[in-house]
Amino acid sequence: SIEDEQSSLKVYPNPFSGTTNIKLTFESLQRVEAKIYNLSGELVITLHDGYLEAGEHQLIWDAKNLSGAEVPQGIYIIRVISGDNVEQKTIVKTL
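Since the structure is predicted, the reported quantities are computational estimates derived from the model, not experimental observations. (Residues numbered from 1 in each chain as written. Predicted model: local features only at pLDDT ≥ 70, side-chain atom pairs only at ≥ 80, totals over all residues. Heavy atoms only, no water.)

**Some remarks on the sheet that holds strand β1 (residues 9-12)**
Line of reasoning, step 1. If you trace the three strands from one edge of the open sheet to the other, you get β1-β2-β5, paired in antiparallel fashion. If you trace the sheet from one side to the other, it starts and ends with β1 and β5 (55-61), each paired once. The average undirected angle you get between the axes of adjacent strands in this sheet is 20°.
Line of reasoning, step 2. In this structure, strand β2 (residues 20-26) lies alongside β5, joined through seven bridges in antiparallel fashion. Bridging from a neighbouring strand, T20 pairs with W61 of β5. (Pairing = 2+ DSSP bridges. Helix = DSSP H or I, 4+ residues; strand = E, 2+ residues; numbered from the N terminus. Axes fitted to C-alpha atoms, helices over the stretch in contact; angles between N-to-C directions.)

**Description of the packing of aromatic side chains**
Line of reasoning, step 1. Taken as a whole, this structure holds two aromatic pairs when the rule is applied.
Line of reasoning, step 2. Taken together, a centroid distance of 5.5 Å and an interplanar angle of 55° make the contact between F16 and W61 tilted. Of this pair, F16 sits in the loop between β1 and β2 while W61 sits in strand β5, placing them 45 residues apart in sequence. Of the two residues examined, F16 and W61, each falls in the buried class.
Line of reasoning, step 3. Geometrically, the ring pair formed by W61 and Y76 is edge-to-face, given 5.5 Å between the ring centres and 70° between the ring planes. Remark: Y76 occurs in strand β6 (residues 74-82) and W61 occurs in strand β5; sequence separation between them is 15 residues.
Line of reasoning, step 4. Since its relative accessible area comes to 5%, Y76 is described here as buried.
Line of reasoning, step 5. Ring pairing ties together the aromatic residues F16, W61 and Y76, which thus form one cluster.
Line of reasoning, step 6. Above the ring of Y37, the side-chain terminus of R79 is found at 4.8 Å from the ring centroid. (Phe/Tyr/Trp six-rings, centres within 6.5 Å; stacked < 30°, edge-to-face > 60°. Buried < 20%, exposed > 50% of the residue type's maximum accessible area, 1.4 Å probe, protein only. Lys NZ or Arg CZ within 6 Å of the ring centre and 35° of its normal.)

**Structural notes on the nonpolar core**
Line of reasoning, step 1. In this structure, I22, L24, I36, L47, W61 and I78 are the most contacted members of the largest nonpolar core, which totals 21 residues.
Line of reasoning, step 2. Of all the secondary structure elements, the ones that give two or more residues to this core are β1, β2, β3 (30-38), β4 (43-52), β5 and β6.
Line of reasoning, step 3. In terms of residue count, β4 provides more of this core than any other element does, four residues in total. (Core = buried A, V, L, I, M, F, W, Y, C linked by side-chain atoms within 4.5 Å.)

Below is the structure:
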């Protein structure tokens, strides 16, 4: 869709088993929070919390939680907050 093409948040591969790439694109310097949540709304892990320059950035999620343990298969939400903008996408982890 056109909306997805304009999105500054892309996740691939999705579904994934080992690691997934999160590509973020910004037009200017932004304070960015990128966090993964489970469907209960509990924080799984913070991938980034700080400033990112304009341009493309890649984060990698290795399917681990804050404790370093691998998360079970299921559906997760990545939420990226940058300035006043909030984007989120569903990520599916398989075996």
